[in-house]
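Below, each chain spelled out in residue letters.
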Amino acid sequence: MDLDKPPAPQPPEGCLVVALRLPVRIVVLVLVVPVRLAWDALVAAGRFLHATLLRPLGRALLWLGRALFVWPFVALWRWVLVPVGTALRWLGHVLVVAPLTWAYVHILTPLGHALRWAARGVVTYLLAPVGRGLAWLARGVGALLAAVGLGLFTGAAWLVRYLLVVPARWLYVQVLSPVGRALLWLAEALITGAGAVLYWTARILFVLPALALWRWVLAPVGRVLAVVAREVADALGHAWRIAGHLSRVVGRALGTLFRWVFVEPARWVYRTVLTPVGHVVRDAVLRPAARAAREVGRVTRLTLAAARDTLRETRREVRRALFGEPGQQVAVDRREPPARDPRTLGSSTTVLTKD
């Protein structure tokens, strides 16, 4: 399989296409370049706003929405509605379901069985004989009425056939059918002639002028407009791509200019001026000040501790001078009492064996 196929041959372009292409592309390029530059500027501003403002604002609004709407409803559902629903379900089961179940099992079911037994006895011994008698009577009456109705229907059918159907069929075959066929032929002839006249009239008055207008005016103008529209679309595509390259070059130039005008001088000032000055200030001022502050803090803590001890001793001396020495508590021997002498074989503590 040949992967390097030559491109398909393009059809030859006319002089109109070649004459329109360059002016159209120049005009479109002049019009599109400012639009593309403004578009790229808006895109850069939109990305900056999205990264620095809209995204944090959206996250804050999302958190606020959760805090105001989601979390309260979740807490209400979890800590209020679910326990209340559980309690209501248990209460409904105890107050409604259990009594109804008991009533169904112990009252309604035996009552239903009794009513079913009574209804079966009534139907079997009372209604069934009456029904069979009524059915026998209805069959006799039905047979009589059927015989009478059959006779009446036969007579009526004979009268209708010979008084209405036969004369109507003769009238349709002998009179109405020939008249209808004649009227149909006359209507077809009139419609065909009128249609032919209207067809040729509309063709001469509308179709042929419209066909000539389309063939000699609209089709050439449409082809020219199609060529112009295609060239304008191609010119817009080329101009948009060229404007993109120009916009990228302008953006890079502005970025380089901003870097060399602001960023590099600020970096140079930070590296060559502020950093050494900061080191000098840190070594000459901040660190000695920090050491002095630590020493002052340590001396202050020692002074305060000594003052607290002095105050505590003074308070103790004043209390001793006013109220005397505090009473000494009597020492209580909290040890267990000594055990008696152990028993031996020659001694006893009972009254009968005591010496």
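Residues numbered from 1 in each chain as written. Predicted model: local features only at pLDDT ≥ 70, side-chain atom pairs only at ≥ 80, totals over all residues. Heavy atoms only, no water.

Across its full length, the protein holds one helix and zero strands. In the protein, which comprises 355 residues, the share counted as buried stands at 5%. Counting only contacts in the protein whose residues sit at least 6 apart along the sequence, the fraction spanning at least 24 positions is 76%. Summing over all exposed atoms, the protein offers an accessible surface of approximately 31400 Å²; the carbon and sulfur share of this is 73%. (Helix = DSSP H or I, 4+ residues; strand = E, 2+ residues; numbered from the N terminus. Buried < 20%, exposed > 50% of the residue type's maximum accessible area, 1.4 Å probe, protein only. Contact = heavy atoms within 4.5 Å. Areas by Shrake-Rupley, 256 points an atom, 1.4 Å probe, with all protein chains shown as cover.)

For the rest of this paragraph, the subject is the nonpolar core. In terms of nonpolar packing, the biggest core is built from seven residues, these being Val-24, Val-28, Val-32, Val-33, Ala-235, Ala-239 and Ala-243. Aside from chain neighbours lying at most four places away, what touches Val-28 is Ala-235, Leu-236 and Ala-239. (Core = buried A, V, L, I, M, F, W, Y, C linked by side-chain atoms within 4.5 Å.)

Two measures describe an aromatic ring pair: the distance that separates the ring centres and the angle between the ring planes. This structure, assessed with the given rule, holds three aromatic pairs. Taking 5.4 Å as the distance between ring centres and 75° as the angle between the ring planes, the aromatic pair formed by Tyr-199 and Trp-200 counts as edge-to-face. (Phe/Tyr/Trp six-rings, centres within 6.5 Å; stacked < 30°, edge-to-face > 60°.)

A separate point is the confidence of the model for the protein. The predicted model of the protein averages 80 in pLDDT, with 85% of residues at 70 or higher. The low-confidence segment residues 350–355, where pLDDT is below 50, has two contacts with residues more than four positions distant or belonging to other chains. (pLDDT = per-residue confidence, 0-100.)

Within the secondary structure, Ser-247 is located in helix α1 (residues 15–323). Look at Ser-247 and you get buried, because its relative accessible area is 11%. The contacts of Ser-247, once residues within four sequence positions are left out, are Arg-36, Leu-37 and Asp-40.

So, on to the pattern of salt bridges. Summed over all chains, the structure comprises eight salt bridges. With a closest N to O distance of 3.2 Å, Asp-40 and Arg-36 form a salt bridge. One end of the pair, Asp-40, and the other, Arg-36, are both in helix α1, four residues apart, so they sit about a helical turn from each other. Residue Asp-283 is joined to Arg-287 by a salt bridge in which the shortest nitrogen-to-oxygen separation is 3.3 Å. Of this pair, Asp-283 and Arg-287 both sit in helix α1, four residues apart, which is roughly one turn of the helix. Under the relative-accessibility criterion, Asp-283 is labelled partly exposed at 40%. Connected through shared salt-bridge partners, Arg-259, Glu-264 and Arg-267 make up one network. (Salt bridge = Lys/Arg side-chain N within 4 Å of Asp/Glu carboxyl O.)

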